[in-house]
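# A look at the structure
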Amino acid sequence: MSSHLGGEGFSKFSIHKDAQEMLRVAQDEHIQTAWDRLAEQEPQCGYCTLGLSCRICAMGPCRIDPFGEGPQKGVCGADADIIVARNLARMIAAGASAHSDHGRDILEVLHETAKGDTTAYEITDVEKLKRLAKEYGVKVDHRKANEIAKDLAWEMMEDYGTRKNSVTFVGRAPKARRDLWAKLGITPRGIDRENVETLHRTHMGVDNDYVNILLHALRTSLSDGWGGSMIATELSDVLFGTPKPIRSEINLGVLRTDEVNIALHGHNPVLSDVIVRAAQDPKLLKLARDKGAKGINLVGLCCTGNELLMRRGIHMAGNHLMQELVITTGALEMMIVDYQCIMPSVTDVAKCFHTKVVSTADKAKFPGATHVSFDPRRGMEIGHDLVRSAIENYPNRIVERVRIPDKPMEMMGGFSVEAILAALGGTPAPLVEAIAKGQIRGAVGVVGCNNPKIRQDYGHVTLTRRLIENDVLVVVTGCAAVANGKAGQMKPESADMAGPGLKAVCKALGIPPVLHMGSCVDNVRILVLAAALADHLGVDIDALPLAGAAPEWYSEKALSIGAYVVASGIYTVVGVQPPIFGSPNVVNLLAGGLENVVGACFAVEPDPEKAAVLIRRHIEKKRKGLKLPFVDPDTIAMPSASA
Ligand code: SF4
Ligand code: SF4
């Protein structure tokens, strides 16, 4: 850790004890982390921060002077509006592509499973498979699950192409919303198609109308939210089971001093699921004992971790900014990675310890890692080999260097839409009733990443706490879920932290006030729940007292999520400034004008205390619109300064 450490100590970088302790170790042992590299990068480029630099073609790179004194146009003549809109559209397309390609990978495994090309997987949730098949017009009567799955997979592959006028899951949105998208010309037609069209439109000399570019960016994001991510989530449920409430533990304290520790990092549950089964193999457990370990301890990181926690209760080591620090414990035999959000630096940190980093996706290789090409057709064999290799690394652990900070925190996860409806008695009616009575003011999705520019987890935890204290139900995914779990806000007993109305509802149902809905692709569960609430009330989604927030986002995927959430009619507050402030026109459209187009817009508010007030005011405004008891939004005071 470098010399930028001030008097506040490591609490300046993270609110959590486990991170603070490991940052101290990193400093003592001269191990570089993301925080160090951020300090080395500062000051970061002002043009890029504002979205005003363009390197799309070889006449550039070009920059627009934000002060109006230097160049106002790139070599091709593109102005600030065009450059900012093109850059943002490309970021959204990259995020949408990441989610959707993940969905395609799961889809291909379903297809191989259905064809009998792999025995590593089976169709776990047959009922969900049949429901999905009906949505896609696939016959289910008197057919075996694998026959249905084969046809369903084939139909879903068509959603990626260009033959359709609309991706199939768009049919899940309320009719009013579908009609609005059709009127605006932003109904997503094909998942790949919208992403390819974004790249085409943002080539030099194609789309030069910033509004037109951004409308297509929304369409692209919708192909993610109601397309690729939705396929990923639904098929993961079909293959690995639809999550139900489950207890787990969280923070670096889940590592064990006397067991072989294996961390599963990334996003795709296809590999990690076989690792979980391999780790239960009696022969491998015996091998672990022979090597001096008491067992094999799997822990999750980021969204692969969330997938495992949601379905199997596998303990969670941490979120995005913990990926280097988990290695710094000296207790990790192996980190197995698939793709997305895996810092290339993990192999540098691993070199300082005995930890092996194994990459497994041919589309995601890492210098310094051992690459084992994961082929689902040989899934169990590869899973066994990896676990065996981790066990064989156990004797290389240097006991004196092992530092496992903190005791694990308990938490509850597993709140799929199906699980939430089951808790409510099979219908959204009790939730709607609690909202109508004002016991619950509304619901908010707090989602997204960590970013070393923000004190780790401060944004997630503070915003969530202020919302539940004010009777707003919070649903969480991704790294935001991990942050809240570590803060102890996701136990049924955490209902005591909530305001009186939410607390009473949570106690009656035995649920926490902060519901873990899964990984980042699982944000689509929030869309499905929102659509169910809207349909129940006979209104469009934008009429509901809902909001989204991404207090610590870093990823292009988070931008795609934010865009599809807003395009679906949900107001969204982001905590990290997106690179748009070089164009006042783009800012005005995204933070205001979109309200008149899709019924929702973005706000940027880095202070979670203030973001909580913005969201509470928005919720009361929507309550008023629905003629529910409401508080005058202007009476909710805005705090003057951040904590
Ligand atoms: S597209 Fe235009 S603004 Fe961008 S690099 Fe090329 S010439 Fe410059
Ligand atoms: S929340 Fe962000 S950092 Fe965390 S796994 Fe998802 S995209 Fe990656």
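These figures come from a predicted structure and were not determined experimentally.

## Considerations on the overall build of the protein
Within the protein one finds 25 helices and 16 strands. Computed over C-alpha atoms, the radius of gyration of the protein comes to 24 Å, within 12% of the 26 Å expected from 2.2 N^0.38 for 643 residues, which places it in the range of a compact globule. Taken over the C-alpha atoms alone, the protein extends approximately 65 × 65 × 55 Å along its principal axes. Burial analysis of the protein (643 residues in total) assigns 62% to the buried set. Once local pairs closer than 6 in sequence are excluded, the contacts in the protein between residues at least 24 apart make up 75%. A total accessible area of about 23700 Å² is found for the protein, and carbon and sulfur atoms account for 52% of it. Across the protein, the centroid of the 72 positively charged side chains sits 2 Å from that of the 75 negatively charged ones.

## Describing the sheet that holds strand β11 (residues 442-446)
Read across the sheet, 6 strands follow the order β13-β12-β11-β14-β15-β16 without closing on themselves; strand pairing throughout is parallel. With one partner strand each, in any of the chains shown, β13 (514-518) and β16 (602-604) form the two edges of the open sheet. Ignoring strand direction, the axes of neighbouring strands in this sheet form an average angle of 25 degrees. Summarising the sheet, β11 and strand β14 (residues 546-550) pair through 4 bridges and their orientation is parallel. Pairing of Val446 across the sheet is with Ala549, part of β14.

## Description of the site of ligand 2
Within the structure, ligand 2 sits among His267, Cys302, Cys303, His320, Cys341, Gly448, Cys449, Cys479, Cys520, Tyr554, Ser555 and Lys557. Residues belonging to the shell around ligand 2 are distributed by class as follows: 7 nonpolar, 4 polar and 1 charged. In this structure, the shell around ligand 2 is formed jointly by two domains, domain 2 (252-401) and domain 3 (414-635), each of which donates at least three residues.

## As for the side chain of Asn451
Among the structural elements, Asn451 can be located in the loop between β11 and α18 (458-469). Beyond its immediate sequence surroundings of up to four residues, Asn451 is in contact with Leu321, Glu552, Trp553, Tyr554 and Val576.

## A word on a nonpolar patch on the surface
On the surface, a nonpolar cluster with roughly 270 Å² of combined accessible area is contributed by Met59, Val75 and Met204. Among the secondary structure elements, Met59 is positioned in the loop between β1 (53-54) and β2 (62-63).

## Some details on the packing of helix α9 (residues 210-240) against helix α23 (residues 584-593)
Closest axis-to-axis distance for the α9/α23 pair is 11 Å, and the angle between their directions is 45 degrees. Here α23 runs oblique to α9, going by the angle between their axes. Every pair of crossing elements has a handedness; the one defined by α9 and α23 is right-handed. Where α9 abuts α23, its residues Tyr210, Val211 and Leu214 lie against Asn585, Val586, Leu589 and Leu590.

## Quick notes on the nonpolar core
In terms of nonpolar packing, the biggest core is built from 169 residues, with Trp226, Leu235 and Ile615 touching the most fellow members. It is helix α4 (residues 80-115) that provides the largest number of residues to this core, a total of 14 residues. Grouped together as the second largest cluster of nonpolar side chains are 37 residues, Ile31, Val254, Val346 and Ala364 included.

## With respect to the domain arrangement of the protein
Along its sequence, the protein is organised into domain 1 (80-240), domain 2 (252-401) and domain 3 (414-635). For domain 1 versus domain 2, the separation of C-alpha centres amounts to 30 Å. Contact residues are listed per partner, giving 16 residues for domain 1 and 18 residues for domain 2. Together domain 1 and domain 2 conceal approximately 1300 Å² of surface at their shared face, both sides included; 52% is due to carbon and sulfur atoms. Considering only the side of domain 1, the residues that lose the most area to domain 2 are His102, Tyr121 and Phe240, jointly responsible for 40% of the buried surface there. Joining domain 1 to domain 2, the criterion identifies 3 salt bridges.

## Examining the site of ligand 1
Neighbouring residues of ligand 1: Cys54, Ile56, Cys57, Met59, Gly60, Cys62, Gly74, Val75, Cys76, Ile83, Arg86 and Met204. A class-by-class count of the residues in the shell around ligand 1 yields 9 nonpolar, 2 polar and 1 charged.

## Details of the pattern of salt bridges
Side-chain pairs of opposite charge can arise where the charged atoms are in close proximity. One pass over the structure, following the stated rule, counts 48 salt bridges. Between Arg441 and Glu620 there is a salt bridge; the shortest N-O distance is 2.9 Å. Here the residue Arg441 occupies a position in the loop between α17 (429-437) and β11, and Glu620 occupies one in helix α25 (residues 608-625), the gap between them amounting to 179 residues. For Arg441, a relative accessible area of 14% gives the class buried. Given the relative accessible area of 5%, Glu620 is considered buried. Through salt bridges with shared partners, a single network forms among Lys128, Arg131, Glu135, Arg172, Glu234, Asp237, Glu307, Arg311, Glu418, Asp522 and Arg525.

## Topic: helix α15 (residues 379-393)
A rise of 1.5 Å per residue sets the reference length of α15, with its 15 residues, at 21 Å; its end C-alpha atoms lie 21 Å apart and thus fit the reference within 8%. Check the buried side of α15 and you find it contacts β4 (260-266), α10 (269-278), α11 (282-290), β5 (296-301), β7 (334-337) and β8 (356-359).

## Comments concerning α9
In this model α9 runs 42 Å from its N-terminal to its C-terminal C-alpha over 31 residues, within 8% of the 45 Å that 1.5 Å per residue would give. When the local axis directions of α9 are compared, the greatest deviation, roughly 40 degrees, occurs at Met230. Extensive coverage of α9 is indicated by the burial of 27 of its 31 residues. The distance from a side-chain oxygen at the start of α9 to the backbone nitrogen of Val211 is 2.9 Å, and the residue carrying that oxygen is Asp209. Looking one or two residues past α9, Gly241 carries a phi angle of roughly 110 degrees, positive in sign.

## Observations concerning the pairing of β8
Walk down a regular strand and you will see the side chains alternate between the two sheet faces. Direction of pairing for β7 relative to β8: parallel, over a ladder of 4 bridges. Paired with Met334 across the bridge in β8 is Lys356. For the segment spanning β7, helix α14 (residues 346-351) and β8, crossover handedness is right-handed. Where β8 and strand β9 (residues 370-371) come together, 2 bridges link them in parallel fashion.

Cut-offs used in this document
Residues numbered from 1 in each chain as written. Chains lettered and ligands numbered in written order. Predicted model: local features only at pLDDT ≥ 70, side-chain atom pairs only at ≥ 80, totals over all residues. Heavy atoms only, no water. Helix = DSSP H or I, 4+ residues; strand = E, 2+ residues; numbered from the N terminus. Rg over C-alpha atoms; globule rule 2.2 N^0.38 Å. Buried < 20%, exposed > 50% of the residue type's maximum accessible area, 1.4 Å probe, protein only. Contact = heavy atoms within 4.5 Å. Areas by Shrake-Rupley, 256 points an atom, 1.4 Å probe, with all protein chains shown as cover. Lys, Arg positive; Asp, Glu negative; His and termini not counted. Charge placed at Lys NZ, Arg CZ, Asp CG, Glu CD. Pairing = 2+ DSSP bridges. Axes fitted to C-alpha atoms, helices over the stretch in contact; angles between N-to-C directions. Near = heavy atom within 4 Å. Nonpolar A, V, L, I, M, F, W, Y, C, P; charged D, E, K, R; others polar. Domains from an automatic or database assignment. Patch = residues over 30% accessible without salt bridge, like charges linked within 9 Å, V, L, I, M, F, W, Y side chains within 5 Å. Salt bridge = Lys/Arg side-chain N within 4 Å of Asp/Glu carboxyl O. Parallel < 35°, antiparallel > 145°, perpendicular 65-115°, else oblique. Left-handed = near helix turned anticlockwise from the far one by under 90°. Core = buried A, V, L, I, M, F, W, Y, C linked by side-chain atoms within 4.5 Å. Buried area = accessible area lost by both parts, 1.4 Å probe. Expected span 1.5 Å × (residues − 1). Bend = angle between axes of the 7 residues up to and from the residue. Polar contact = N/O pair within 3.5 Å; in protein donor to acceptor, adjacent residues only side chain to side chain. Right-handed = clockwise from strand over helix to strand, strands pointing away.

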